[in-house]
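Single-letter residue listing:
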Amino acid sequence: MAKKAAVKKQKSIEETLWDSANKLRGTVESSEYKHVVLGLIFLKFASDKFQKRRQELIDDGKERFLDMVEFYAQDNVFYLTEESRWSYIIANAKQDDIALKIDTALYTVEKNNPSLKGALPDNYFSRLNMDVSKLAALLDTINNIDTLKDQQQDIVGRVYEYFLSKFAIAEGKGKGEFYTPKSIVNLIAELIEPYKGKIYDPACGSGGMFVQSMKFIDSHNGNKKDVSIYGQEYTATTYKLAKMNLAIRGIAANLGDVPADTFAKDQHPDLKADYIMANPPFNQKDWRAADELLDDPRWRGYEVPQTGNANYGWILNMVSKLSDNGVAGFILANGALSGGGTEYEIRKKLIENKLVEAILVLPQNMFYTTNISVTIWILNNNKKERQVKINDVEKTYRNREDEILFFDLRETGVPFEKKFIQFSTDNIENIAETLHTWQQDSGTYKNIPEFCYSATLEDVRKKDYSLVPSKYIEFVNRDENINFDDKMKSLQTEFAELLKEEAQSKTELLNVFKELGYEIEL
């Protein structure tokens, strides 16, 4: 009987692209690798959108406008000159000077489209001295991707996220700040509901928080034109990634004129944001010298954050930028929940100022680059009773100024890529619904052992202003109500079965050897 042919698993576009890009290893340093791939994907997507718009103009009998930039810009499409189009790149893919041609294409796209200023790699491909055949193979792979095939699937966005996550794993550095796992960003968006107003991320990395904010608005039938984006990023290459990542999705953002340190050179000193989402570097050391930033207005009303750890510098930077009704959701290492010294004094004042809305401790192994335990903080500048209309839904918030909601999510989540954990859609819905129910109706909300607890400020004072959730959330002692006699009888039965099975196996084994003429004498 002929063996049934095994069904070969179809590779996803992301996997195919990753495998193809992997062949560049050896000629390109891994630290440079992502810029090659993502730069080319950007060029392909921009070209596909350009060709689509161009064909629309032809179909509408508007050939005379084919080379007028305005007719592309009005549809959020970048106008591309002949040498910056993908078709030109592919036509020359096997030429010795293909790297120079790619550089010229990227330079020309950026020069002709001001919103891309500072976003694209500059004279980059020529400097890498890549093997032409390997580069041509990668171009062929990308050429087979129809980036506009299914707008709902957001193919380019998927490729971007996949590659950013793969690079985060491959580079294995950065302690999580380079790429925030999608399910954590989803959770923060669902918790703070950034529907309308100014959204700010002081350590925006590749722009993932902004992308997820826009997806949140889309998925809840909001209007993306109701929000404006502000961010800042210190690392020059990541700043470029963020600008590309946002431009490729048509998201307008103000990331400051240049990459810059949020503490030393605040790019948005007068900003008052309605929503802040952030994943700043964990436990950043030496972020300021002892004599620097002592009179910075961002610490006004609080102690100056210590030099040895920037956690509370980030917190106060965000607090200073909250609007009157502003809400912040951000991630920090767990140490910030109970640190002493100036951290204690700042935390105490944040609590007494009634800013802390919720604390959620997350499972380990959620980040690609570190297994450190982290916490989501939710700060809210207005926890008073009020009615608001959010995305056409009336919400009646009760006064929560004297309460903080704690979550312990260490046992929540589902396995992801073998050794990682992520939140499922159901997990996210349950957590967000619990917070929103608590915010609006104390009668419906219930404390749940090992999951959530609504603490009063008096509870927190008694715990000396510790924000560690396990100090408040009820622990279930599952051994407490066990009947010793019943448990021992149950174990007795289990072991009896095991020993019987073992004896039977032993007998069968001895018989086998005896039948073979090699009897075993015990």
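An unreviewed UniProt entry annotates the protein as site-specific DNA-methyltransferase (adenine-specific) of Formosa sediminum.

Caption draft 1: Up close: the pattern of salt bridges. Taken as a whole and judged by the stated rule, the model has 18 salt bridges. Note that R400 is salt-bridged to E357, the shortest N-O span being 3.0 Å. Taken as a pair, R400 in the loop between strand 8 (393-397) and strand 9 (403-408) and E357 in strand 5 (residues 356-361) lie far apart in primary sequence, 43 residues in all. An identical accessibility class is assigned to R400 and E357; each is buried.

Caption draft 2: Quick peek at the side chain of E403. Checked against the element boundaries, E403 lands in strand 9. A relative accessible area of 18% means that E403 is categorised as buried. In this structure the side chain of E403 is engaged in a polar contact, spanning 3.5 Å, whose partner is the side chain of W438. Once residues lying within four places of it in the same chain are set aside, the contact partners of E403 are V356, K383, R398, W438, S454, A455, T456 and L457.

Caption draft 3: Region of interest: the packing of helix 1 (residues 13-22) against helix 7 (residues 132-143). Axis separation between helix 1 and helix 7 bottoms out at 9 Å; the angle between their running directions is 170°. Here helix 1 is positioned roughly antiparallel relative to helix 7, judged by the angle of their axes. Contact residues: T16, L17, S20 and A21 in helix 1; A137, L138, T141 and I142 in helix 7. When grouped by side-chain class, the residues that make up the contact of helix 1 with helix 7 number five nonpolar, three polar and no charged.

Caption draft 4: A look at unusual backbone geometry. Even without being a glycine, N365 presents a positive backbone phi close to 60°. Locating N365 in the fold gives a position in the loop between strand 5 and strand 6 (374-380). Positive phi outside glycine occurs at D464, with the angle close to 55°. On the secondary structure map, D464 appears in the loop between helix 15 (457-462) and helix 16 (484-515).

Caption draft 5: Local environment of helix 16. Its 32 residues place the ends of helix 16 47 Å apart at the C-alpha level, agreeing with the 46 Å of an ideal helix rising 1.5 Å per residue. Within two residues after helix 16, G517 carries a phi angle of roughly 85°, on the positive side.

Caption draft 6: Summary view of the sheet that holds strand 9. Read across the sheet, eight strands follow the order 2-1-3-4-6-5-9-12 without closing on themselves; strand pairing throughout is mixed. Since the sheet does not close on itself, it has two edges, and those belong to strand 2 (227-231) and strand 12 (452-456), each with one partner. Going from strand to strand, the sheet's axes swing by 15° on average, the running direction of each strand aside. In this structure, strand 4 (residues 322-333) lies alongside strand 6, joined through seven bridges in antiparallel fashion. Along strand 6, the bridge assignment pairs L332 with T375. The strands that helix 10 (residues 208-219) touches are strand 1 (197-201), strand 2 and strand 3 (273-278); relative to strand 2, the one it contacts most, it runs at about 165°. The sheet contacts of helix 14 (residues 425-440) involve strand 5, strand 9 and strand 12, and relative to strand 9 the element is tilted by about 165°.

What counts, and where the lines are drawn
Residues numbered from 1 in each chain as written. Predicted model: local features only at pLDDT ≥ 70, side-chain atom pairs only at ≥ 80, totals over all residues. Heavy atoms only, no water. Salt bridge = Lys/Arg side-chain N within 4 Å of Asp/Glu carboxyl O. Helix = DSSP H or I, 4+ residues; strand = E, 2+ residues; numbered from the N terminus. Buried < 20%, exposed > 50% of the residue type's maximum accessible area, 1.4 Å probe, protein only. Polar contact = N/O pair within 3.5 Å; in protein donor to acceptor, adjacent residues only side chain to side chain. Contact = heavy atoms within 4.5 Å. Axes fitted to C-alpha atoms, helices over the stretch in contact; angles between N-to-C directions. Parallel < 35°, antiparallel > 145°, perpendicular 65-115°, else oblique. Nonpolar A, V, L, I, M, F, W, Y, C, P; charged D, E, K, R; others polar. Expected span 1.5 Å × (residues − 1). Pairing = 2+ DSSP bridges.

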